[in-house]
Every structure is written in structure tokens, then in C-alpha cells.
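One-letter residues, chain by chain:
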Amino acid sequence: MSASSIWIEALKLVYFARVREAVGLESEDRELPSDVQTVGDCVVWLAAQADNYASAFADHSRLRYALDQQLVWEETLLEGADELAIFPPVTGG
Amino acid sequence: MSASSIWIEALKLVYFARVREAVGLESEDRELPSDVQTVGDCVVWLAAQADNYASAFADHSRLRYALDQQLVWEETLLEGADELAIFPPVTGG
Amino acid sequence: MKLVRISDETIDSAAELAPLAALGGGAVASFTGIARDDDGVVAIELEHYPAMTEASLLALMNEATGRWSLLGGVLVHRVGYIAVGEPIVLVGTAASHRAEALEACAFLIDRLKTDAPFWKKEHRADGSSDWVETKASDDARADKWK
Amino acid sequence: MKLVRISDETIDSAAELAPLAALGGGAVASFTGIARDDDGVVAIELEHYPAMTEASLLALMNEATGRWSLLGGVLVHRVGYIAVGEPIVLVGTAASHRAEALEACAFLIDRLKTDAPFWKKEHRADGSSDWVETKASDDARADKWK
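Just so we're clear, the structure is a prediction, and the values are computed from it rather than from any experiment.

Conventions used here
- Residues numbered from 1 in each chain as written.
- Chains lettered and ligands numbered in written order.
- Predicted model: local features only at pLDDT ≥ 70, side-chain atom pairs only at ≥ 80, totals over all residues.
- Heavy atoms only, no water.
- Helix = DSSP H or I, 4+ residues; strand = E, 2+ residues; numbered from the N terminus.
- Polar contact = N/O pair within 3.5 Å; in protein donor to acceptor, adjacent residues only side chain to side chain.
- Contact = heavy atoms within 4.5 Å.
- Buried area = accessible area lost by both parts, 1.4 Å probe.
- Salt bridge = Lys/Arg side-chain N within 4 Å of Asp/Glu carboxyl O.
- pLDDT = per-residue confidence, 0-100.
- Pairing = 2+ DSSP bridges.
- Axes fitted to C-alpha atoms, helices over the stretch in contact; angles between N-to-C directions.
- Buried < 20%, exposed > 50% of the residue type's maximum accessible area, 1.4 Å probe, protein only.
- Least-squares fit on C-alpha atoms with pLDDT ≥ 70 in both.
- Left-handed = near helix turned anticlockwise from the far one by under 90°.
- Nonpolar A, V, L, I, M, F, W, Y, C, P; charged D, E, K, R; others polar.
- Disulfide = S-S within 2.5 Å.

(A) Focus on the side chain of His48(C). If you trace the backbone, His48(C) turns up in strand 3 (residues 41–48). A distance of 2.8 Å separates polar atoms of two side chains, one belonging to His48(C) and the other to Thr53(C). Ignoring any residue separated from it by four or fewer positions in sequence, one finds His48(C) in contact with Phe16(A), Ile6(C), Thr53(C), Val79(C), Pro117(C), Phe118(C) and Trp119(C).

(B) Focus on the interface of chain C and chain D. Across the contact, 29 residues belong to chain C and 29 residues belong to chain D. Buried surface at the junction of chain C and chain D, summed over both partners, amounts to about 2,400 Å²; 52% is from carbon and sulfur atoms. Our count for the chain C to chain D interface comes out at 6 salt bridges. In this structure, Arg141(D) and Glu103(C) form a salt bridge, with 3.6 Å as the shortest nitrogen-oxygen distance. Here chain C and chain D share 13 residue pairs in polar contact (both at pLDDT 80 or more) between them. Counting only elements with at least two residues in the side of chain C that touches chain D, the list comes to helix 1 (13–21), strand 2 (27–34), helix 3 (98–115) and helix 4 (136–143) of chain C.

(C) Quick look at the confidence of the model for chain C. Confidence in the prediction for chain C averages 95 pLDDT; 100% of positions are at 70 or higher. Model confidence for the complex: the whole-complex pTM is 0.92, and ipTM, which rates the interface, is 0.90.

(D) Looking closely at the sheet that holds strand 1 (residues 2–7) of chain C. Taken together, 8 strands build an open sheet; the order of strands is 1(C)-4(C)-6(C)-2(C)-2(D)-6(D)-4(D)-1(D) and the sheet is mixed. Looking at strand neighbours, the two that pair on one side only are strand 1 of chain C together with strand 1 (2–7) of chain D, the edges of this open sheet. Averaged over neighbouring strand pairs, the angle between their axes works out to 5° when direction is ignored. Alignment of strand 2 (residues 27–34) of chain D against strand 6 (residues 87–95) of chain D, held across 8 bridges, turns out to be antiparallel. Within the sheet, the bridge partner assigned to Val28(D) lies in strand 6 of chain D and is Ala94(D). Across the sheet, helix 2 (residues 50–67) of chain C lies against strand 1 and strand 4 (70–78) of chain C, angled at about 150° from strand 1 of chain C, the strand it touches most.

(E) Quick look at the pattern of salt bridges. All names here are of chain D. Counted according to the given criterion, the structure contains 36 salt bridges over all chains. Here Arg 5 ties to Glu 16 by a salt bridge, and the two come within 2.1 Å at their closest N and O atoms. Taken together, the residues Arg 5 in strand 1 and Glu 16 in helix 1 (residues 13–21) connect sequence positions 11 residues apart. The class of Arg 5 is partly exposed, set by a relative accessible area of 33%. Among the salt bridges present, the one from Asp 143 reaches Lys 146, with a minimum N-O distance of 3.4 Å.

(F) Representation of the relation of the copies chain C and chain D in the model. Once turned by 180° and shifted 0.0 Å along the axis, chain C lies on chain D with an RMSD of 0.0 Å. Such a turn and shift between the copies fits a two-fold axis.

(G) Inspection of the packing of helix 2 of chain C against helix 3 of chain C at higher detail. Residues and elements named next belong to chain C. At a minimum axis distance of 10 Å, the contact between helix 2 and helix 3 shows a crossing angle of 145°. As helix 2 packs across helix 3, the resulting crossing turns out to be right-handed. Taking contact as the criterion, the partners of Ser 56, Leu 57, Leu 60, Met 61, Glu 63, Ala 64 and Arg 67 in helix 2 are, on helix 3, Phe 107, Leu 108, Arg 111, Leu 112 and Asp 115. Among the residues forming the contact of helix 2 with helix 3, the class breakdown is 7 nonpolar, 1 polar and 4 charged.

(H) Structural context of the arrangement of the chains. Of all 3 pairs of chains that touch, the greatest number of contacts is found between chains C and D. Separating chain A from chain B is a minimum C-alpha gap of 29 Å, and the two share no contact. At the level of C-alpha atoms, the two units chain A and chain D stay apart, their nearest approach being 10 Å.

(I) Fine view of the state of the cysteines. Applying the stated criterion across every chain yields a total of 0 disulfides over all chains. Considering cysteine sulfurs only, Cys105(D) is the nearest to Cys105(C), which forms no disulfide, with 8.1 Å between them.

See below:
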């Protein structure tokens, strides 16, 4: 078993705002296939899991990401991370 | 008697801050000679009235003016005005 | 003095800003964002990402104190339900001179709008609600500081 | 709502700003200038030109409301003796959106510094006193708005 397959088992996904409502969950733990390497790969894979996931994750222009609580981009590698947050552009303040 | 010699009798001079202290007065009424036409003329004329006036009005770069409570320049004509204020650059706020 | 806080109670602007005025500097700037009386909206619901929010506000505060010579800064953001007319966010900065305080205050609120993990939902009198959309002008203002 | 006032008593920032937060807008910005703890200074004496001061503050406020879409503005300036640590001036602005409130607030304090007839004298613990000199940076900041 490679190192990369170990951390993938532990990835926690957290959702906020419109994404949380579309998915119907605040968070979930997911085992990702080994070809899911980046944040963007993960979003594409999630969109294929169910109809409500497809609508939640269809429009990438309206999604933002934080990996282990740091803002990241679609190109960012998941490797080593514990928690991926997926949410709409922020609207605080 | 010309119209201009009438208003000149009524000119009130008011001084503030460093200028007030140098002159030793908060305000005074002055009859100006008829060749004193502008704010700058008035300052030059005042500087010749006494030694403490000379020091108060020597450095024009450190003087500012308000004619009837409106900020004005040395070139502004006194004609028709009731009150000329002479003071250092403002330092409020 | 640097303070960041997430609050589920009404923000007391006067109490939060008072310590900034006591730091010996000549300038305190503040910005208060208020739940706006807009188009039938009666309340704003503020969702956030608890594991990340405070760290993200602290990162903004540290960026501000690195960029401007500040004596202190305060950043308080409300979460939960907020009635129209109540403060959502308070930014306060203290400096020896006004340029630093004013610029750092504008920086903090502009960047908070694009970088901190908060989401607003508007609740209306008729029971309907909508997530607030981001504004392109917010990105433009935040980019100004890059 | 436009308010300008010359005050010989301590400025109560919270009380002065409270009405701005109640105008239904989403943004209140404020700036407080404080008598700075500088180099042995114990108090600031503020002289002004009573016949002109209020009108000059009102002219600035009118210029601000003409330039930005404001819901309200407050400009309060202290005169007389002011102990170190106390407010000298308070500027407050309210608008629907933050850009207007922040910019108008910076405009008002920048222009007040060069246009309003106030003069500061610093009093020191040893009994000495000096008139404060203007700063070239003040003119530069005021010129920015022209």
C-alpha cells in the first residue's frame, strides 16, 4: 500500500452555504479513487456521485476551496491534506 | 469722497495664533491708505506700522487670509469687505 | 494590541473601539458594516467556517500590521441571525497618524469581503430567503491592495 | 442628516455616531483624531475663528455630500484645552455601501486639516508651549481630492 492511498482514506469534505444545502450535508468522509489528485479532480468526481451533487458542483466558476483551512485553487494537489472545504464565493462583511 | 474711501474706513482686522501673539491684539479697526487695494498690499502696509507688526507679517509664505470669512489669496481685492483675518497655515484636526 | 473575534451577540462598537483610543496614538479609524434595510429584508443569516474563520481574520490583521505602522487593530464579525439595522462587522485601527489608520481600515474591510469564510443569507418578511451573491466591485476593491 | 459642531466639552464618539448607524444604510465609517502623547506634551490648546469655523465645516460637509452618495455625516471639532488622550475631532459618514462612506470620511478629515480655521498649540509639562507647524504631507493629502 502506497503512502498516498493512506491519506486519501481520511479526506474529510465540508460544505457551506448554497453548496451545503444542495449536497444536503455539512460534512462527510470520502475515500477518493487514486486518480483524484487535485482539488479540481475531486470536484469533478463528486459531481458524478449523485444528481444533487451534480447540481452542487456543476459550475466551477461559482465554487471556492480551502484545503486544511487555507484558500486554494483547483490545481492544488490534495496530497497530505485532512480536510477539503467547498463553498460559494464568500459574502461576509 | 470716492466710494472706495468709505469702505476702507470700516475694515476690521482679526489675528489668530502666532500672528495674534506677535501683534498683541485679537482684532483692531484700521483706516487704510487708498493705495492699499489687495490683501497683499494690506500685509505689506501693516508690516511697516511697528516692529512687532514687522515680525508678525514678514514671512508671507507663513501667512494665510480670510476675507469676510472666506479663504482668499494675496491678490484678492479688499474692495467691499468688512473683515480681513490674517493667520498662520491652519493645523486643526 | 490585535483583537479578532467571532461573535454571536450584538457588537458593541463603542466598547470595542475604546481600547484603540487609549494606545497613545493620534488616529483611530473605524468601519461598521450594518445589516441594510433592503427590499423587504428583515434579517441576515451569517454562516461561517468555524475551523478557519478566526485564523483567516488574524492573517488579515497580521498583513495589515505588516504593511502599515499600527498601534492596534480590532476585527469583530457577527455570525448567526442579525436583525436589520444591527452591525455585522466592525473594523478598528489605531496609529500615530491618520494615513496609516485610514488606509489599514479600508484594507481590512475590503480584503475581509473577499478572503474570510462568511456567507450571508437574506431573510424576507414573506418567509423567503436567498443567498447573497458576490459583487465584482468587491473583487476590484480587494485587488487594489495587491 | 448633516451635523457640524464646535465643542468645548469632551467629544462622545459613541453618542455622535449612533444616529449614523440608524439611517438604514449598510456602512458607517469614522475617524477620531486624538491629542497624541508626544514628547512631553500634556495638553493641546485649540484656537479657532468663531465667525468662520462652523461655516467652513458645513462647506466641507456639503462638498462631501455633493461628491458621494451619503445618507449622513457628522463633523465635531473640539476647541480650548484638551488633555492628551482625548479626542480633538470626530468625523463620521453613513452610506448604503462602504466605498462612499470610507472615501468621504478620508476626504473630510484630509480637507479639514488644510481648510478649517483651527490652530493647535502644544503645552508641555515644563510649562513651555509651541504652535504646531503644518506638514507638507497634509497639503499633499488634501490635494489628492482636487
